[in-house]
Amino acid sequence: MTSTLKFIETSNLPTDIGEFKVHAFTEESKLKDHLAIGMGDLLTNEPVLCRIHSQCITGESFFSMRCDCRFQLTESLTQIAEKGRGVVFYLQQEGRGIGLSNKIRAYNLQDKGFDTVEANEKLGFKPDERDYGVGAQILHDLGANKLRLMTNNPKKRAGLIGYGLEIVENVPLEITANKHNAFYLKTKKDKMGHEFKK
C-alpha cells in the first residue's frame, strides 16, 4: 500500500479516562491531520482493541444530542483504559466525510424531515463519503494487524479487511437513544446496516 501519511509526533495525553499516548499524522495528499490515541504495547501478538472514529465537532465539542459520536468515543476510550491496551484512530472526516459546513446544511434538511441518508444525497453526496484506508495505513504504521474492532458498522469491518487487516472479533458499542437521535440511529440500522443488539 502506498502511504500518503507522514508521522508528525507522539506525546502524552492525560485524560479523566486514563493516561494515553497520542500520535499525530498528516495525510499530505488531502491536507488532513489524524490522531492515534493509544495505551499499552500494540506490538504483541494479542489482538488490539481498536476503534476507527471520525471527527464530530458538533457532538464532541458542543455536546450535540443529534448523534451518538461522543458517546461512542467515550465508551471506546473507557474500554481501552479498562483493558490497559488499545487504540482509537481519530480521523478528520467530519459529517461522514462531507465536511463541517455541509454537515450543517444536512442538519437543516434533517430539520425539514429528511433522514441522514436522504440529506446527504440531496446535497449531492453518497450516504457515507468516509475513507477507512487512512486508518488502515496508521494501523500498519503502528504494527497492529490483528484487531478487536469496536464498531456497529459492517462496512467499516469490510473496508479494513480489504486493506489486509485481520479482525478477530467485533466489539459492539451499545448507545442509549435519546429523543434527538432516535431517528438517526434507526436510519443507521435500517438504511446503513449498522448492527445493534437492542
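Residues numbered from 1 in each chain as written. Predicted model: local features only at pLDDT ≥ 70, side-chain atom pairs only at ≥ 80, totals over all residues. Heavy atoms only, no water.

Student: So what's going on with the overall build of the chain? Which residues, and what values?
Tutor: Within the chain, the regular secondary structure consists of eight helices and seven strands. Relative to the compact-globule value of 16 Å for 198 residues, the chain shows a C-alpha radius of gyration of 16 Å, a close match. Across the 198 residues of the chain, 47% fall into the buried class. A separation of at least 24 residues holds for 61% of the contacts in the chain among residues at least 6 apart in sequence. Entry remark: accessible area of the chain is about 10,000 Å², with carbon and sulfur atoms responsible for 52%. Averaging the locations of the 28 positively and 26 negatively charged side chains of the chain gives two centres separated by 5 Å. (Helix = DSSP H or I, 4+ residues; strand = E, 2+ residues; numbered from the N terminus. Rg over C-alpha atoms; globule rule 2.2 N^0.38 Å. Buried < 20%, exposed > 50% of the residue type's maximum accessible area, 1.4 Å probe, protein only. Contact = heavy atoms within 4.5 Å. Areas by Shrake-Rupley, 256 points an atom, 1.4 Å probe, with all protein chains shown as cover. Lys, Arg positive; Asp, Glu negative; His and termini not counted. Charge placed at Lys NZ, Arg CZ, Asp CG, Glu CD.)

Student: Talk me through the pattern of salt bridges; I want residue IDs and the actual numbers.
Tutor: Pairing of side chains with opposite charge becomes possible as their charged atoms draw close. Scanning all chains against the criterion turns up seven salt bridges. Across the salt bridge formed by Lys30 and Asp131, the nearest N and O atoms sit 3.7 Å from each other. With Lys30 in the loop between β2 (19–27) and β3 (32–39) and Asp131 in the loop between α5 (116–122) and α6 (133–142), this residue pair connects regions lying 101 residues apart in the sequence. Measuring nitrogen to oxygen at the nearest pair gives 3.2 Å for the salt bridge that ties Glu46 to Lys83. With Glu46 in the loop between β3 and β4 (48–54) and Lys83 in helix α2 (residues 69–83), this pair connects stretches of sequence that are 37 residues apart. When salt bridges with common partners are traced through the structure, they connect Glu27, Lys30 and Asp131 into a single cluster. (Salt bridge = Lys/Arg side-chain N within 4 Å of Asp/Glu carboxyl O.)

Student: Explain α6 residue by residue, including any values.
Tutor: Taking burial as the measure, the 10 residues of α6 include eight buried ones, the bulk of the element. All of the buried residues along α6 are Gly133, Val134, Gly135, Ala136, Gln137, Ile138, Leu139 and Leu142. At the exit of α6 stands Gly143, carrying a positive phi of roughly 85°.

Student: So, the packing of aromatic side chains: which residues are in play, and what are the values?
Tutor: Under the criterion given, the structure shown has one aromatic pair. Summarising the aromatic geometry, the rings of Phe7 and Phe25 are spaced 5.6 Å apart at their centres and angled 65° between planes, so their arrangement reads as edge-to-face. Taken together, the residues span a long stretch of sequence, with Phe7 in strand β1 (residues 5–14) and Phe25 in strand β2 at a distance of 18 residues. A cation over a ring is seen here: Arg66 above Tyr107, with NZ or CZ 4.2 Å from the ring centre. (Phe/Tyr/Trp six-rings, centres within 6.5 Å; stacked < 30°, edge-to-face > 60°. Lys NZ or Arg CZ within 6 Å of the ring centre and 35° of its normal.)

Student: Requested: an account of the pairing of β2, with residues and values cited.
Tutor: Inspection of the sheet shows β1 paired to β2 by nine bridges, in the antiparallel sense. Across the sheet, residue Lys6 finds its bridge partner in β2, namely Thr26. Linkage of β2 to β3, two consecutive antiparallel strands, is achieved through a turn of four residues, within which Leu31 is found at a positive phi near 55°. (Pairing = 2+ DSSP bridges.)

Student: Provide a residue-level description of the nonpolar core, including the pertinent values.
Tutor: The biggest cluster of nonpolar side chains holds 22 residues, and the ones touching the most others in it are Cys50, Ile52, Phe89, Ile138, Leu139 and Leu160. Sorting the residues of this core by element identifies β4, β5 (86–91), α6 and β6 (146–150) as the ones contributing at least two each. Broken down by element, this core gets its largest block of residues, five residues, from α6. Sequence-distant contacts of Cys50, that is, excluding residues within four places in its chain, are made with Val87, Phe89, Leu139, Leu147, Arg148, Leu149 and Met150. Membership of the second largest hydrophobic core comes to 13 residues, among which are Phe20, Val22, Met39 and Ile80. (Core = buried A, V, L, I, M, F, W, Y, C linked by side-chain atoms within 4.5 Å.)

Student: Could you give an account of the pairing of β3, with specific residues and numbers?
Tutor: Note: β2 against β3, seven bridges, orientation antiparallel. When the sheet's bridge partners are listed, Val22 is paired in β3 with Ile37. Here β3 pairs with β5 via five bridges, running antiparallel. Directly across from Met39, in β5, lies its bridge partner Gly86.

Student: Got a sec to walk through the sheet that holds β4? Specific residues and values, please.
Tutor: In space, the seven strands of this open sheet follow the order β1-β2-β3-β5-β4-β6-β7, with mixed pairing throughout. The open sheet is flanked by β1 and β7 (166–171), the only strands paired with a single partner. Averaged over all adjacent pairs, the angle separating strand axes in this sheet is 25°, with direction ignored. Alignment of β4 against β6, held across three bridges, turns out to be parallel. Paired with Leu49 across the bridge in β6 is Arg148. Contacting β2, β3, β4, β5, β6 and β7, α2 runs over the sheet at an angle of about 160° to β4. The strands that α6 touches are β1, β2, β3, β4, β5 and β6; relative to β5, the one it contacts most, it runs at about 140°. (Axes fitted to C-alpha atoms, helices over the stretch in contact; angles between N-to-C directions.)

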